[in-house]
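Here is what each chain is made of, one letter per residue.
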Amino acid sequence: MRQYSRAAAATVALAASARAANSSSLASLCTVSHVQSALPANGTLLGIDLIPSSVTAKTTTERGSETEYCAVSVSYVHTGTTDEIVLNYGFPSPADFKNRFYVAGGFGYSLSTSSTGGLEYGAVGGATDAGYGALNGTTVDEVNLSGNGTINWDPIFMFAYQALGEMTTVGKPLTRAFYGLADDAKVYTYYEGCSDGGRQGMSQIQRYGDEYDGAIIGAPAFRYGQQQVNHLFSSVVEQTLDYYPPTCELEKIVNATIAACDPLDGRTDGVISRTDLCQLDFNLTSIIGEPYHCAAEVSTSLGFNFNKRNDGTSTSYTPAQNGNVTAEGVAVAQTIYDGLFNTAGERAYLSYRIGSEFSDGETAYDNSTGTWGVDIPSTGGEFVTRFVELVELSNLETLNNVTYDTLVDWMNTAMVRYMDTLQTTLPDLTTFKSTGGKVIHYHGENDPSVPTASSVHYWQSVMSIMYPNLGSSKAIEQMKEWYQLYLVPGAAHCGRNTLQPNGPFPEDNMATMIKWVEQDVQPTGLNATVDAGKYDGEVQSLCQFPKRPVWKSNKWECESDDEGADTFYYTFPAFKVPIY
């Protein structure tokens, strides 16, 4: 009875605050003077001094829609400094506001530049320039060095976690005051992001846990030292084995693997829903000798920052390719799928699931010699030059003398250097959990950029730190009350997979999260929709890891399979410190 009364009281209070907010028009609130009066007083937010004279406010409409909102900008400095940081906020009309604040993640080395992502949820949204021009598209890899050998730490800290944390710390009291809510009125705060946007989200719940109620985290690129250097591993495999597979040979290996492993989940639909069974049961050597053919093409390879200066984007010509899969090509593929080991035989990092595309292993065709050779991915090459070697180069010029041990050394250097910033692997989420925070964490099972097992490893790390005295089954049951991990069958990096187009992908995560946070409806699965092929329109309920999907009696079921789940678990003895 007491619990019902508390819920009823909270509902009444929320309705009262909503009525107060809705009584004003957007035009009456969207003024410079009103925003200035709503700013948190200096001295109330430790380390943040707002600049009221910098405030701008204007009513406008969201691009591509008729949704009207108030666009607000305000600057601040860190106490004792003079460098200004610009914040942008998008305030929905009082009639549309639902006591929510929304933070969106960026991608690559970027922070989000939009403050309107929350409008569709009745939420105030925010964006920050982080003090280095992020709102104008400046990426942190453009400003991480003051010069060769000198790290510019302020942008790194701001990009890693501080900018978004401060944007939220300022934005929530500003939201309450803007709409005339009580100081203690609940403003539900949500985060959503994928790739480095996922890492950014993890940085928030790790360091600003009491500010957030729900976080939707996709394929987070944390463990930065290992993750970014790992992009070079495939090229080093090819160099070490002295075989550079034509791109068509690698495509054939992947497509043949998909075809062979598709039925293992119980339904032949063009999707490997059980990469664990594929890894356990399928031998890549069975592909040796199969023919392949690809037409000639001119292609553009996108770099990490997509059309930014020094992003690594390149255009190349590839001739028509005809041949048969070689033992050497399969050896390259298998070594990449096995992951990185040092020369002592100690595992250093995980790799991509079997059936994933070899994006990092794409080779380059030399028209002058008619041969294939290494194509160094800028995703890893630029990280090594700018963040490890500390020189202002956009990519490594060569991999000469680079061995598996070299990669491990680079990983170790980066891990130690950026342990408190970019690694983003703090496993103690007690503050977030204790204040009622919820996490929906998802990852494409055939992600060719951020290995799927990376998410599994962090999930395990949180469980081991927060439930050290419970057995795994009890710990899993308690974890799912606030932190749920989902692997998306066949999906690639933060989206659908062109090689497995019939795969499902979750598209209504925020609706699921809002119901969980605001109505206490704990998910038992994650809705994912198929949008191609025979099963177009089918909605699948993804399994909470470690349960695995299987097609039985014409429906998907989630089963416990310890042997299958074990294929996602790794330890890293090549490093002398724990890797969370």
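Keep in mind that this is a model prediction, so the values were computed, not measured. (Residues numbered from 1 in each chain as written. Predicted model: local features only at pLDDT ≥ 70, side-chain atom pairs only at ≥ 80, totals over all residues. Heavy atoms only, no water.)

**Student:** When you look at the packing of aromatic side chains in this model, what are you seeing that I'm missing?
**Tutor:** Both the distance between ring centres and the angle between the ring planes are used here to describe each pair of aromatic rings. Within the structure shown, the criterion is met by 27 aromatic pairs. Between Y442 and F505, the ring centres sit 6.1 Å apart and the planes meet at 90°, which makes this aromatic pair edge-to-face. Here F505 lies in the loop between β17 (483-488) and α16 (509-519) and Y442 lies in strand β16 (residues 438-444), a separation of 63 residues in the sequence. The interplanar angle of 75° and the centroid separation of 5.4 Å between the aromatic rings of F545 and F568 together place this pair among those described as edge-to-face. Of this pair, F545 sits in the loop between β19 (539-542) and β20 (548-552) while F568 sits in the segment after α17 (562-566), and the two are 23 residues apart along the sequence. Per residue, the accessibility class of F545 equals that of F568, and both read buried. Linked through ring pairs, Y109, W153, F157, Y161, Y224, F383, F387 and Y418 together constitute an aromatic cluster. The ring centre of Y224 lies 5.7 Å from the NZ or CZ of R199, which sits over that ring. One Lys or Arg, R353, reaches over the ring of F568 and ends 3.6 Å from the middle of that ring. (Phe/Tyr/Trp six-rings, centres within 6.5 Å; stacked < 30°, edge-to-face > 60°. Helix = DSSP H or I, 4+ residues; strand = E, 2+ residues; numbered from the N terminus. Buried < 20%, exposed > 50% of the residue type's maximum accessible area, 1.4 Å probe, protein only. Lys NZ or Arg CZ within 6 Å of the ring centre and 35° of its normal.)

**Student:** Looking at this structure, I do not really get the pairing of β17. What am I missing?
**Tutor:** Strand residues, when the strand is regular, have side chains that alternate between the two faces of the sheet. Counted residue by residue, β17 has six buried out of six residues, so it is predominantly covered. Side-chain alternation along β17 places Y483, L485 and L487 on one buried face and Q484, Y486 and V488 on a second face that is also buried.

**Student:** Before we go on, may I ask you to explain the state of the cysteines in this structure?
**Tutor:** Two cysteines, two sulfur atoms, one covalent bond between them: this is a disulfide. Under the criterion given, the structure shown has five disulfides. Each sulfur in the disulfide pair C30 and C70 lies 2.1 Å from the other. Residues C30 and C70 share a disulfide whose torsion about the S-S bond is about 80°; that sign makes it right-handed. Residue C30 is found in the loop between α2 (26-29) and α3 (32-38), and its partner C70 is found in strand β2 (residues 68-78); the two are separated by 40 residues along the sequence. Each member of the pair, C30 as well as C70, carries the same accessibility label: buried. Ordinal numbering of bonded cysteines along the protein defines a disulfide pattern of 1-2, 3-8, 4-7, 5-6, 9-10. (Disulfide = S-S within 2.5 Å.)

**Student:** What exactly am I supposed to notice about the domain arrangement of the protein here?
**Tutor:** You'll often see interface size given as the accessible area lost when the parts meet. We note that the domain assignment places domain 1 (24-97 + 107-170), domain 2 (187-222 + 424-545) and domain 3 (226-418) within the protein. If you average the C-alpha positions of domain 1 and of domain 2, the two centres end up 26 Å apart. The partner domain 2 presents 18 residues to the 14 residues of domain 1 that form the contact. Ranking the residues of domain 1 by area buried against domain 2 places F107, Y121 and Y161 at the top, with a combined share of 41%. The tally of links from domain 1 across to domain 2 stands at zero salt bridges. Viewed at the interface, domain 2 and domain 1 are joined by seven residue pairs in polar contact (both at pLDDT 80 or more). Looking at the side of domain 1 that touches domain 2 residue by residue, the class counts come to seven nonpolar, six polar and one charged. (Domains from an automatic or database assignment. Contact = heavy atoms within 4.5 Å. Buried area = accessible area lost by both parts, 1.4 Å probe. Salt bridge = Lys/Arg side-chain N within 4 Å of Asp/Glu carboxyl O. Polar contact = N/O pair within 3.5 Å; in protein donor to acceptor, adjacent residues only side chain to side chain. Nonpolar A, V, L, I, M, F, W, Y, C, P; charged D, E, K, R; others polar.)

**Student:** Please clarify how the side chain of T175 should be interpreted in this entry.
**Tutor:** Secondary-structure assignment places T175 in helix α4 (residues 153-179). Ignoring sequence-local partners within four residues, the contact set of T175 consists of F91, F97, F101, V124 and V187.

**Student:** What is the right way to read the sheet that holds β17 from this model?
**Tutor:** Paired through backbone hydrogen bonds, the strands of a sheet run either parallel or antiparallel to each other. Taken together, the nine strands give an open sheet; going across it, the order is β1-β2-β3-β5-β4-β8-β9-β16-β17, and neighbouring strands pair in mixed fashion. The open sheet has two edge strands with one neighbour each: β1 (48-61) and β17. When strand polarity is set aside, the average angle formed by the axes of neighbouring strands in this sheet is 20°. Bridging between strand β8 (residues 188-194) and strand β9 (residues 214-218) involves five bridges; their strand directions are parallel. Across the sheet, the residue bridging to G193 is I217, located in β9. The strands that α4 touches are β1, β2, β3 (84-92), β4 (100-104), β5 (123-128) and β8; relative to β3, the one it contacts most, it runs at about 45°. (Pairing = 2+ DSSP bridges. Axes fitted to C-alpha atoms, helices over the stretch in contact; angles between N-to-C directions.)

**Student:** Sorry if this is basic, but what is going on with empty space enclosed by the protein here?
**Tutor:** Take a probe with the size of a water molecule and roll it over the atoms, and the empty space left behind shows itself. Throughout the structure, instances matching the rule amount to one cavity of 30 Å³ or more. Counting only elements with at least two residues in the lining of the largest cavity, the list comes to β19, β20 and β21 (555-559). Of the residues belonging to the lining of the largest cavity, the class tally is seven nonpolar, two polar and three charged. (1 Å grid on protein atoms, 1.4 Å probe; cavity = no way out; pocket = protein on both sides within 12 Å on 5 of 7 lines; lining within 4 Å. Points joined across faces, edges and corners; volume = space filled by probe spheres on them.)

**Student:** Is there a simple way to think about the side chain of D269 in this case?
**Tutor:** By secondary structure assignment, the location of D269 is in the loop between α8 (247-261) and α9 (275-281). A distance of 3.2 Å separates the side chain of D269 from the side chain of R267, its partner in a polar contact. At 3.1 Å, the side chain of D269 and the backbone nitrogen of V271 are in polar contact. The residues contacting D269, other than those within four sequence positions of it, are D262, N502, Y535 and W556.

**Student:** In this structure, what is going on with the nonpolar core? I would like to understand it.
**Tutor:** A general feature of soluble globular proteins is that nonpolar side chains tend to end up buried together. Core analysis: the biggest nonpolar cluster contains 132 residues, and Y89, F91, L284, L407, W410, W482 and Y483 have the highest contact counts within it. With 12 residues, the top contributor of residues to this core is α4. Beyond its immediate sequence surroundings of up to four residues, F91 is in contact with L26, Y69, C70, V72, L119, V124, L174, T175, F178 and Y179. Residues A104, C194, Y442 and I514 belong to the second largest nonpolar core, which totals 23 residues. (Core = buried A, V, L, I, M, F, W, Y, C linked by side-chain atoms within 4.5 Å.)

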